[in-house]
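Geometric and topological summary
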Amino acid sequence: MKSPLFASMQEALKKVKAGHLTDAATTLQQAFREKSKVAPTETTPPSPTPHAGLGQIFERVQEQLNAFQQRSSTFQVTPHQAADLPPNARFLTKTFSNQYGSRQYKLYIPSTYQDQPLPLIIMLHGCTQNPDDFALGTQMNELAEQHSLLIAYPEQPQSANPNRCWNWFKPQDQLAQEGEPSILAGITQTIMNEYLVKGQQVFIAGISAGGAMAAIMAARYPKLYRGVGIHSGLGLGSAHDLPSALIAMNRGTRPEGLQHFVPTIIFQGTQDKTVSPKNAEYLFEQAKTAFQQQTEHFELNTQRQQPQHSHAYTQTNLKNTQAINQIEYWQIEGLGHAWSGGDKSGSYTDPQGPKASAEMLRFFLAL
């Protein structure tokens, strides 16, 4: 006998084939909401694949969705070009390869670079995005010019994921020295070898699938990255395949415990319909637990702010004994699945703010 969730997946597949993507999404959302009403407790999480064929249905839905997107210009992401560069600044396209594959990346070098050591930030885009789009939306190149930073934007090609998502939900892409983590670490280390980078000032950040991969990178390479920024993302071990990834995105899944603490700043919109805000709560608790494992002395405070020209937000900070923030958790009221304070020239941005890029940079440089 088919489960209600399995039947809903089949119905969604029919709607995708017919081109009714909105109806298909609604069917899936309703199915997950009904399933969550009868789900077991957190201590006994449900199996992400209650039927042997459920994972195949998920895959077929995604395949049909990708095919439809390629046929319909309505769902195509408009290519974005890099903004005009300041004199002497460079935005280079480079390639890194190892045994696990090859990835292009773009590297912004500010006009102020004259072989002096600079901080480095690795920026991981979300699904359907690319480096130029992400750079425009986050405006990180402008901040790099103001503060003399190197900014790298690795690119996920469609050959690795049809929607250009980083494969954060695949077991082989959650391990150090393997899969996509090995490629991203290789890009980071290559830049450090080719340019002067300030010691202990290498950071990584991302949104959505990029945020989830940034969390993996910080967990697997804690000696490489001094801090991590996770915007609308999920934690290490939240999923192990596509079905469990969709479940985690829909209602939240507790991530794995961390063996090492890396300073963490988290941004999450309360109205995010793509990645459940519950994941941000879990990310905060994960980071807090890891920090407490290395010291019992810290200060925790929470304040709600309601700026005149910005979304209201609640900010929770955990400070060390030197009064330096080690964890920041920003819950932004009314924000959907978008980069807070981003530029509208990029996709998945909300210009209203607060400005996640500036706050991440402040957090990183204070460490």
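Overview of the structure. Residue numbering note: each chain is counted from 1, following its sequence as written. Local features are withheld for residues below a pLDDT of 70 in this predicted model, meaning they are given only at 70 or higher, and side-chain atom pairs are given and counted only at 80 or more; totals for whole chains, interfaces and linings count all residues. With hydrogens and water stripped out, all remaining heavy atoms of the structure feed into the side-chain values.

**As for the state of the cysteines**
When two cysteine sulfur atoms are found within 2.5 Å, that pair is recorded as a disulfide. Tallied over the full model, the rule gives one disulfide. One disulfide bridge connects Cys 127 with Cys 165, the sulfur atoms lying 2.0 Å from each other. Between Cys 127 and Cys 165, the S-S torsion sits near 125°, and that sign places the bridge as right-handed. Within this pair, whereas Cys 127 is found in the loop between strand 3 (118–124) and helix 4 (131–138), its partner Cys 165 is found in the loop between strand 4 (150–154) and helix 6 (179–194), the two being separated by 38 residues in sequence. Under the scheme used here, helices are H or I runs from DSSP no shorter than 4 residues and strands are E runs no shorter than 2 residues, and both carry numbers assigned from the N terminus.

**A short note on the sheet that holds strand 5 (residues 197–207)**
Here ten strands make up an open sheet; going across it, the order is 1-2-4-3-5-6-7-10-9-8 and the pairing mixed. The two strands at the open ends of the sheet, each matched to only one other strand, are strand 1 (90–98) and strand 8 (299–305). Strand-to-strand twist across the sheet, computed as the mean angle between neighbouring axes with direction ignored, equals 15°. At least two DSSP bridges between two strands are required for those strands to pair. Pairing between strand 1 and strand 2 (residues 101–109): nine bridges, direction antiparallel. In the sheet register, Thr 93 faces strand 2, and the bridge partner there is Lys 106. The criterion used for residue contact is that any of the two residues' heavy atoms lie within 4.5 Å. All axes are obtained by fitting lines to C-alpha atoms, using only the stretch in contact for helices, and the reported angles, taken between N-to-C directions, cover 0 to 180 degrees. In the packing of helix 5 (residues 140–147) onto the sheet, the strands contacted are strand 1, strand 2, strand 3 and strand 4, and the crossing angle to strand 4 comes to about 160°.

**Side note on the packing of aromatic side chains**
Any two rings among Phe, Tyr and Trp, with Trp reduced to its six-membered ring, count as a pair given centres within 6.5 Å; such a pair is stacked if its planes are under 30 degrees apart, edge-to-face if over 60, and tilted if neither. A complete count under the given rule lists 13 aromatic pairs for this structure. When the centroid spacing of 6.1 Å and the interplanar angle of 80° are considered together, the rings of Phe 291 and Phe 298 count as edge-to-face. Taken together, the ring pairs in this structure connect Phe 91, Tyr 108, Phe 134, Tyr 153 and Trp 339 into an aromatic cluster.

**Topic: the pattern of salt bridges**
A pair is scored as a salt bridge if a Lys or Arg side-chain nitrogen falls within 4 Å of a carboxyl oxygen belonging to Asp or Glu. All chains considered together, the criterion is met by nine salt bridges. A salt bridge links Glu 180 to Arg 103; the shortest N-O distance between them is 3.5 Å. Of this pair, Glu 180 sits in helix 6 while Arg 103 sits in strand 2; the two residues are 77 residues apart in sequence, bridging distant segments of the chain. Exposure remark for Glu 180: the relative accessible area of 3% places this residue in the buried category. Residue Arg 362 pairs with Glu 328 through a salt bridge whose shortest N-O separation is 2.8 Å. With a gap of 34 residues between them, Arg 362 in helix 10 (residues 356–365) and Glu 328 in strand 10 (residues 325–332) connect regions that are remote in the sequence. Only protein chains enter the calculation, and the probe is 1.4 Å; a residue is then buried if its accessible area is under 20% of its type maximum, exposed if over 50%, and partly exposed in between. Classification of Arg 362 by relative accessible area gives partly exposed; the value is 35%. Through salt bridges with shared partners, a single ionic network connects Glu 328, Glu 359 and Arg 362.

**Digging into the packing of helix 6 against helix 7 (residues 209–220)**
Contact pair helix 6 / helix 7: the axes reach a minimum separation of 10 Å and the direction vectors enclose 75°. Classed by the angle they form, the pair helix 6 and helix 7 counts as roughly perpendicular. Between helix 6, through Glu 180, Pro 181, Leu 184 and Ala 185, and helix 7, the contact on the second element is made entirely by Met 213, Ile 216 and Met 217. Each angle gets one of four labels, with under 35 degrees taken as roughly parallel, over 145 as roughly antiparallel, 65 to 115 as roughly perpendicular, and the rest as oblique.

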